[in-house]
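Each chain, letter by letter, is given below.
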Amino acid sequence: MAKKSKLGQVQKLEEQIKELREKQKKIIEQAQKDIGEYLMDSWEVEDIEQAKKLIDKFQQEVKNMNDAVSRQVPSTNSNQNNFSTTGSNSVN
């Protein structure tokens, strides 16, 4: 009996994992769709090929900006924490 119970638990977990992976996939797809719509709206681009050309044109610039932001995040977070925990923008 214990073996069937354990096997059933494992199968149930595998099913939950499968469902969660599908949910994750849908969430990622929706996020990508939303980002694409936002990009095209904010750049006022209607043609997909034109959007791709713009993305290719600015690709390296965006990578450089992301790298710069990544390097600043630890110091920025610590400064923000100081402001939010003191309740004011002054330094004590």
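Refer to the structure printed above.
This write-up is about the structure you can find in this document. These figures come from a predicted structure and were not determined experimentally.

1. Quick look at unusual backbone geometry
A negative phi holds for most residues other than glycine; trans holds for most peptide bonds.
Inference 1: Even without a glycine there, the phi angle at glutamate 44 is positive, about 55°.
Inference 2: Along the chain, glutamate 44 turns up in the loop between α1 (2–42) and α2 (48–86).

2. Concerning a nonpolar patch on the surface
Inference 1: Together, Trp43, Ile55, Phe58 and Val62 make up an exposed nonpolar region whose accessible area comes to about 320 Å².
Inference 2: Residue position: isoleucine 55 is located in helix α2.
Inference 3: What makes isoleucine 55 partly exposed here is its relative accessible area of 39%.

3. Things to note about the pattern of salt bridges
Inference 1: Here the structure, examined in full by the defined rule, presents two salt bridges.
Inference 2: A salt bridge links glutamate 37 to lysine 33; the shortest N-O distance between them is 3.9 Å. Here lysine 33 and glutamate 37 lie together in helix α1, a separation of four residues that amounts to about one turn.
Inference 3: According to the relative accessible area criterion, glutamate 37 is partly exposed, its value standing at 40%.
Inference 4: Among the salt bridges present, the one from glutamate 49 reaches lysine 52, with a minimum N-O distance of 3.7 Å. One end of the pair, glutamate 49, and the other, lysine 52, are both in helix α2, three residues apart, so they sit about a helical turn from each other.
Inference 5: Glutamate 49 gets classed as partly exposed once you look at its relative accessible area, which sits at 44%.

What counts, and at which threshold
- Residues numbered from 1 in each chain as written.
- Predicted model: local features only at pLDDT ≥ 70, side-chain atom pairs only at ≥ 80, totals over all residues.
- Heavy atoms only, no water.
- Helix = DSSP H or I, 4+ residues; strand = E, 2+ residues; numbered from the N terminus.
- Patch = residues over 30% accessible without salt bridge, like charges linked within 9 Å, V, L, I, M, F, W, Y side chains within 5 Å.
- Areas by Shrake-Rupley, 256 points an atom, 1.4 Å probe, with all protein chains shown as cover.
- Salt bridge = Lys/Arg side-chain N within 4 Å of Asp/Glu carboxyl O.
- Buried < 20%, exposed > 50% of the residue type's maximum accessible area, 1.4 Å probe, protein only.

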